[in-house]
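# Structural description and commentary
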Amino acid sequence: MLDENEQNGSYRSGYVALVGRPNAGKSTLLNRLVGEKIAAVSNKPQTTRHQIQGVITKPEGQIVLVDTPGVHQPGYLLNRRMMAAVHDALDGVDLVVLMRDASVSTGNGDRFVLDLVKQSGKPALLVLNKTDKVQDKSQLLPLLEWYGQQYDWRAFVPLSARRGENVEALVAEIIKHLPEGEPLFAEDEFTDQSVRAMVAEIVREKILRTTGEEIPYVTAVVTEKYEQERADFAHIYCAIFVERASQKKIVIGKGAERLKEVGTSARHDIERLVGHRVYLELFVRVQENWRNSERALDEIGIKKQR
Ligand SMILES: Nc1nc2c(ncn2[C@@H]2O[C@H](COP(=O)(O)OP(=O)(O)OP(=O)(O)O)[C@@H](O)[C@H]2O)c(=O)[nH]1
Ligand SMILES: [Mg+2]
């Protein structure tokens, strides 16, 4: 017998929330499926701070994939807004994808994420990511068994977001479970993020990648000015916020080495994104306790949900 959603070949479209613990690989998958770097990726937890939508358009359907911050215990106002973004995403979508790093063991964090999905009551798929790190694939079986007992998943999809292995199977599975409907966005629209926001995200990614443990949490980036001087050249000014003068020193580095490194690699990615040369200027600003400031978070673009 055919599944109710497979009875005809009509077009399907809808919103899909991508949720999971920090570091599961959600943003890696988003970027991979959209084919552009729209979300920062790093090995530091809490990389993603707000919802980022990516549009994936196929002949059979269109997916608006909503990347969300990794689920964690909120400490600062920043973290509360991050978690509100997760709840808001779960509320607003047709389907949920829970992504799990298959190479680590199950912990309380996983139970917490699972509970959020259960509470949403939405149709959901389970993705086991980082299969490239799992030598013996039979190791996935206990995980699948455990998750299988917890919720009525529409499908299980093991994949490697980094290598792009089996990601098309996920796309097909998602489309199969979306409602019938017209495309929600034009084919050339691939995200809801502005160029300014993507530029800031790229700069922040480079900071996350070049600094150690503490700096990622206290750093935010805002594109303050974007001057399109010619069709093929833009002058961009980004402000990097930290909370203390000592952190400013670290971000700048000895002889400004670190800031130069961040600037060079960010410029490279930004030029690829916008398709022409850019001049990127970075400033580091100290703004005490921005993570607990409503106003600073508004300015930085980490929105309060509804
Ligand atoms: N080996 C391997 N690493 C992966 C894979 N997918 C993602 N990663 C790595 O996992 C780390 C976290 O990836 P992100 O995409 O930033 O994870 P995230 O779930 O978006 O994390 P948050 O935004 O903090 O919630 C990065 O170092 C990625 O390169 C994968 O399939 N295999
Ligand atoms: Mg992320």
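In short, a report on the structure. Just so you know, these numbers come straight off a predicted model, no measurement behind them.

### A look at the overall build of the protein chain
Secondary structure summary: the protein chain contains 10 helices and nine strands in total. The C-alpha radius of gyration of the protein chain comes to 20 Å, within 12% of the 19 Å expected for a compact globule of 306 residues. Across its three principal directions, the C-alpha atoms of the protein chain cover 65 × 45 × 40 Å. The proportion of buried residues among the 306 residues of the protein chain is 51%. Considering only contacts in the protein chain between residues 6 or more positions apart, those separated by 24 or more positions represent 72%. Here the protein chain displays about 14700 Å² of accessible surface, and carbon together with sulfur accounts for 48% of that area. Looking at charge distribution, the protein chain has the averaged site of its 42 positive side-chain charges lying 8 Å from that of its 43 negative ones.

### Let's talk about the site of ligand 1
Residues in close proximity to ligand 1 total 24 residues, the closest being Lys26, Thr28, Thr47, Thr48 and Asp132. Side-chain polar atom of Lys130 to an oxygen atom of ligand 1: 3.0 Å apart, as the coordinates give it. One of the side-chain N or O atoms of Asp132 is found 2.7 Å from a nitrogen atom in ligand 1. Here ligand 1, which alone exposes 650 Å², has 93% of that area covered by the protein. Sorting elements by how many residues they give to the shell around ligand 1 places helix H1 (residues 26-34) first, with three residues. Class assignment of the residues belonging to the shell around ligand 1 gives a composition of five nonpolar, 12 polar and seven charged.

### A few points about the pairing of strand E4 (residues 95-101)
Taken across its seven residues, E4 has seven buried, putting it largely inside the fold. Of the two faces of E4, the one lined by Leu95, Val97, Met99 and Asp101 and the one lined by Val96, Leu98 and Arg100 are each fully buried. Both strand E1 (residues 12-20) and E4 contribute to a ladder of five bridges, which runs parallel. If you follow Val16 over to E4, its bridge partner there is Leu95. Summarising the sheet, E4 and strand E5 (residues 124-129) pair through six bridges and their orientation is parallel.

### Things to note about the side chain of Ser42
Relative to the helices and strands, Ser42 resides in the loop between H1 and strand E2 (52-57). Exposure remark for Ser42: the relative accessible area of 14% places this residue in the buried category. Among the polar contacts listed, one links the side chain of Ser42 to the backbone nitrogen of Lys44, at a separation of 3.0 Å. Polar side-chain contacts of Ser42 include one of 2.8 Å to the side chain of Thr47. Leave out the neighbours within four places in its chain, and Ser42 touches Asn23, Thr47, Leu208 and Arg209.

### Digging into the sheet that holds strand E6 (residues 155-158)
On the basis of which strands lie adjacent, the open sheet formed by six strands has the order E2-E3-E1-E4-E5-E6 and mixed pairing. Both outer strands of the open sheet, E2 and E6, are each paired with one neighbouring strand and no more. Going across the sheet, the axis of each strand differs from the next one's by a mean of 25°, ignoring polarity. Pairing of E5 with E6, which is carried by four bridges, proceeds in the parallel orientation. Paired with Leu126 across the bridge in E6 is Phe156. Packed onto the sheet, helix H4 (residues 140-150) meets E4, E5 and E6 and runs at close to 160° relative to E5.

Cut-off values and rules
Residues numbered from 1 in each chain as written. Chains lettered and ligands numbered in written order. Predicted model: local features only at pLDDT ≥ 70, side-chain atom pairs only at ≥ 80, totals over all residues. Heavy atoms only, no water. Helix = DSSP H or I, 4+ residues; strand = E, 2+ residues; numbered from the N terminus. Rg over C-alpha atoms; globule rule 2.2 N^0.38 Å. Buried < 20%, exposed > 50% of the residue type's maximum accessible area, 1.4 Å probe, protein only. Contact = heavy atoms within 4.5 Å. Areas by Shrake-Rupley, 256 points an atom, 1.4 Å probe, with all protein chains shown as cover. Lys, Arg positive; Asp, Glu negative; His and termini not counted. Charge placed at Lys NZ, Arg CZ, Asp CG, Glu CD. Near = heavy atom within 4 Å. Polar contact = N/O pair within 3.5 Å; in protein donor to acceptor, adjacent residues only side chain to side chain. Nonpolar A, V, L, I, M, F, W, Y, C, P; charged D, E, K, R; others polar. Pairing = 2+ DSSP bridges. Axes fitted to C-alpha atoms, helices over the stretch in contact; angles between N-to-C directions.

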